[in-house]
Number of protein chains: 2
Amino acid sequence: MNDKIIPHFSDEVRGVSAANGSAKAKIERAAVWLFSEHGIDGVSTKSIAAQAGVSEGLIYRYFKNKEALARDLMLAIHNRLTLMIIDAGKSEATLPAQIHLITRAYCEIADDDWTLFRYHILHISRFPGLSETPSLSPHGAAARLIKNAMERGEIPKMNPDVLAAMVLGVVLQPAQAKVLGAIKGPLSKHAAVFEKGVLAVLGLNADKE
Amino acid sequence: MNDKIIPHFSDEVRGVSAANGSAKAKIERAAVWLFSEHGIDGVSTKSIAAQAGVSEGLIYRYFKNKEALARDLMLAIHNRLTLMIIDAGKSEATLPAQIHLITRAYCEIADDDWTLFRYHILHISRFPGLSETPSLSPHGAAARLIKNAMERGEIPKMNPDVLAAMVLGVVLQPAQAKVLGAIKGPLSKHAAVFEKGVLAVLGLNADKE
DNA sequence: AACAAGTTAGTGAGCAATCACTCATTACTG
DNA sequence: CAGTAATGAGTGATTGCTCACTAACTTGTT
């Protein structure tokens, strides 16, 4: 439980952003916090500037408009999660090994920047375009891994999109429950349970215990 | 696949609202459609009135303000889903029988009023109060059924809130995937697969096939 | 060093547009 | 005509965004 999974991945997956003290970073941190709490339309540019401790006009030096600011932040976590799944698919050959890596990394990314992750699961639906590019979304990447495993004969063939959604739900719904206060503490604490649940949905855990 | 599950439940679970042609019903239908599409803050009272074919002022004859309208609609589907789970817990004695009923009914309620269901899963987080009353939320009701099954010795003991979230995720994440366009057709088509997945997460499907 | 010129970072008053909501008035109905 | 249903122009507040401006810092020339 001590060793982190994230360092095994590339820099993009580990999550990098603007220099911590810069004005741009202050705006981003203020915005992601306020957006996750009140929704994008529930936050004014004035309140973002106030929370960041900068003037309102400065936002428009770094971002074209409020929507672009919201989109950039969403894209950061969206791509981070997607690339993590793709990387895991490349570094491991079998579905169970991939799932072991992915469940841990998913939880660690969520715990690492919970505000940004919370923003992602609460408000991703504001950006339909991000999910309409299947290969660059967590769902699409997961569906691809599952489809490959089906073609290798690791699991029975069925609709990979439905199965990918069921599998993602085993991890994402507890995350949403944590957002809504029904579950407490870091997600990583439950990573082993999530892994077991995911394997069960895939019919891969008959040989355990 | 022909027989519906919904009729087995009480009137409240079957879903009843204002008379179809009344002005109040027209406002509700217009609001739930626009809210689910653009979010509550992304919809103006003017646009609701226009879509409903009534004047803007009429909204305030039937609802105290825009927030109350949004809350009433959310409460309708929220209570409908919650009561369905509670009812299933009363009418069936074992967890597998309860799950058989619930997965079907969940899908049928979603298909029956997809716009309202879509509004629920996309924007429930706007009303944290609804989830903070655990016994009156789908998550809370499901957690109770699971906890009871643990005490009857049907499944191993563990954190019932975490397990309830994982189980709900198996059904809700495919619903979200359908919202985002990754899955098509009615949810009921996949009810049997969802049931199998839920049983697997609970460790209850060793005796199948 | 001294100064001028140019570039970048940052400000905040102000603007047109839109917002949720009110209310005096009208239309309808039994 | 009493009572309810319905209207929509009007209101003050707030919105996202602009832009003329200042402050601070780099660079080039002497």
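Structural data are supplied above this passage.
It should be emphasised that the depicted structure is a prediction, and the values quoted were computed from it without experimental measurement.

*Asks:* Please explain the overall build of chain A as it appears in this structure.
*Replies:* Across its full length, chain A carries 11 helices and 0 strands. Across chain A, helices and strands are ordered from the amino to the carboxyl terminus as α-α-α-α-α-α-α-α-α-α-α. In chain A, the proportion of contacts linking residues at least 24 apart, taken out of those at least 6 apart, comes to 68%.

*Asks:* Is there a simple way to explain the environment of A:Ile155 in this structure?
*Replies:* Residues and elements named next belong to chain A. Turning to its location among the elements, Ile-155 is positioned in the loop between helix 9 (138–151) and helix 10 (160–179). Between the C-alpha atom of Ile-155 and that of Gly-203, which follows or precedes it by 48 residues, the distance is 7.4 Å. If near-sequence neighbours (up to four positions away) are discounted, Ile-155 is found in contact with Leu-95, Ile-146, Ala-149, Met-150, Leu-163, Leu-202 and Leu-204.

*Asks:* What's the story with the side chain of A:Ser36 in this structure? I'm lost.
*Replies:* Within the secondary structure layout, A:Ser36 lies in helix 2 (residues 23–38). Excluding its chain neighbours within four sequence positions, the residues that come into contact with A:Ser36 are A:Thr115, A:Arg118, A:Tyr119, A:Leu122 and A:His123.

*Asks:* Sorry, what's going on with the protein's contact with DNA strand C here?
*Replies:* Residues in contact with DNA strand C amount to 15 residues; listed here are only the nearest, A:Ser55, A:Tyr62, B:Thr45, B:Tyr60 and B:Lys66. Take the atoms of DNA strand C that sit within 4 Å of the protein: sugar and phosphate atoms are 47% of them. Side-chain polar atom of A:Arg61 to a base nitrogen of DNA strand C: 3.1 Å apart, as the coordinates give it. Within the side chain of B:Glu56, an N or O atom sits 3.0 Å from a base nitrogen of DNA strand C. Along the lines of polarity and charge, the residues of the surface near DNA strand C split into 6 nonpolar, 5 polar and 4 charged.

*Asks:* For this particular structure, what's the right way to read the pattern of salt bridges?
*Replies:* Once the charged atoms of two side chains with opposite charge are near each other, the side chains can pair. Residues and elements named next belong to chain A. Inspection of the entire model under this criterion finds 14 salt bridges over all chains. In this structure, Glu-67 and Arg-126 form a salt bridge, with 3.1 Å as the shortest nitrogen-oxygen distance. Remark: Arg-126 occurs in the loop between helix 7 (114–123) and helix 8 (128–132) and Glu-67 occurs in helix 5 (residues 66–91); sequence separation between them is 59 residues. Since its relative accessible area comes to 33%, Glu-67 is described here as partly exposed.

*Asks:* Help me understand the relation of the copies chain A and chain B in this model?
*Replies:* One copy of the chain maps onto the other through a rotation about an axis followed by a shift along the same axis. Aligned on chain B, chain A shows an RMSD of 0.0 Å; the corresponding rotation is 180° and the shift along the axis is 0.0 Å. The two molecules are tied by a two-fold rotation axis, judged by turn and shift. Of every C-alpha in chain A, the one belonging to A:Gly169 sits nearest the axis of rotation, 2.0 Å from it. Most of the interface of chain A is mirrored in chain B, where 100% of its interface residues again form contacts.

*Asks:* In this structure, what is going on with the interface of chain A and chain B? I would like to understand it.
*Replies:* Note: interface size is frequently given as the accessible area lost on complex formation between the parts. Taken together, the contact pairs 30 residues of chain A with 30 residues of chain B. Summed over both sides, the interface between chain A and chain B buries roughly 2,400 Å², with carbon and sulfur atoms accounting for 73% of that surface. The largest per-residue losses of area from chain A upon contact with chain B belong to A:Met166, A:Gln173 and A:Leu180, which jointly make up 22% of the total buried on that side. Joining chain A to chain B, the criterion identifies 0 salt bridges.

*Asks:* I would appreciate a short explanation of the protein's contact with DNA strand D in the present structure.
*Replies:* Looking at DNA strand D, there are 14 residues lining it, with A:Thr45, A:Glu56, A:Lys66, B:Ser55 and B:Tyr62 nearest. In the model, a base nitrogen of DNA strand D is placed 2.9 Å from a nitrogen or oxygen of the B:Arg61 side chain. In terms of residue class, the surface near DNA strand D is built from 6 nonpolar, 5 polar and 3 charged.

*Asks:* Is there a simple way to explain the packing of aromatic side chains in this structure?
*Replies:* What describes a pair of aromatic rings is the distance from one ring centre to the other and the angle between the planes of the rings. All names here are of chain A. Using the criterion set out here, one finds 6 aromatic pairs over all chains in the structure. Ring pairing ties together the aromatic residues Tyr-106, Trp-114 and Phe-117, which thus form one cluster. Over the ring of Trp-114 we find Lys-178; its NZ or CZ atom is 3.9 Å from the centre of that ring.

*Asks:* Explain helix 10 (residues 160–179) of chain B here, please?
*Replies:* Given 3.6 residues per helical turn, the α-helix brings residues three or four places apart onto the same face. Residues and elements named next belong to chain B. Given a rise of 1.5 Å per residue, 20 residues ought to cover 28 Å, and the 28 Å separating the end C-alpha atoms of helix 10 matches this to within 8%. The principal kink in helix 10, of about 40°, is found at Gly-169. Of the residues flanking the start of helix 10, the one acting as N-cap is Asn-159, its side-chain oxygen 2.9 Å from the backbone nitrogen of Asp-161.

*Asks:* Is there a simple way to think about the packing of helix 2 (residues 23–38) of chain B against helix 7 (residues 114–123) of chain B in this case?
*Replies:* The relative placement of two packed helices is expressed as an angle between their axes plus a distance between the axes. All names here are of chain B. Axis separation between helix 2 and helix 7 bottoms out at 9 Å; the angle between their running directions is 40°. Classified by the interaxial angle, the pair formed by helix 2 and helix 7 is oblique. Helix-helix and strand crossings are classified by hand; for helix 2 and helix 7 the assignment is left-handed. Contacts between helix 2 and helix 7 involve Val-32, Trp-33, Phe-35, Ser-36 and Glu-37 on the former and, on the latter, Thr-115, Leu-116, Arg-118, Tyr-119, Leu-122 and His-123.

*Asks:* Even after reading the chapter, I still don't get the packing of helix 5 of chain A against helix 9 of chain A, so can you show me in this structure?
*Replies:* Residues and elements named next belong to chain A. Two numbers describe how helix 5 lies on helix 9: the axes approach to 8 Å, and their chain directions differ by 10°. Judged by the inter-axis angle, helix 5 sits roughly parallel to helix 9. Facing helix 5, whose interface residues are His-78, Leu-81, Thr-82, Ile-85, Ile-86 and Gly-89, helix 9 presents Pro-138, Ala-141, Ala-142 and Leu-145.

About the criteria used
- Residues numbered from 1 in each chain as written.
- Chains lettered and ligands numbered in written order.
- Predicted model: local features only at pLDDT ≥ 70, side-chain atom pairs only at ≥ 80, totals over all residues.
- Heavy atoms only, no water.
- Helix = DSSP H or I, 4+ residues; strand = E, 2+ residues; numbered from the N terminus.
- Contact = heavy atoms within 4.5 Å.
- Near = heavy atom within 4 Å.
- Polar contact = N/O pair within 3.5 Å; in protein donor to acceptor, adjacent residues only side chain to side chain.
- Nonpolar A, V, L, I, M, F, W, Y, C, P; charged D, E, K, R; others polar.
- Salt bridge = Lys/Arg side-chain N within 4 Å of Asp/Glu carboxyl O.
- Buried < 20%, exposed > 50% of the residue type's maximum accessible area, 1.4 Å probe, protein only.
- Least-squares fit on C-alpha atoms with pLDDT ≥ 70 in both.
- Buried area = accessible area lost by both parts, 1.4 Å probe.
- Phe/Tyr/Trp six-rings, centres within 6.5 Å; stacked < 30°, edge-to-face > 60°.
- Lys NZ or Arg CZ within 6 Å of the ring centre and 35° of its normal.
- Expected span 1.5 Å × (residues − 1).
- Bend = angle between axes of the 7 residues up to and from the residue.
- Axes fitted to C-alpha atoms, helices over the stretch in contact; angles between N-to-C directions.
- Parallel < 35°, antiparallel > 145°, perpendicular 65-115°, else oblique.
- Left-handed = near helix turned anticlockwise from the far one by under 90°.

Functional significance is not addressed by these values, which are geometric in nature.
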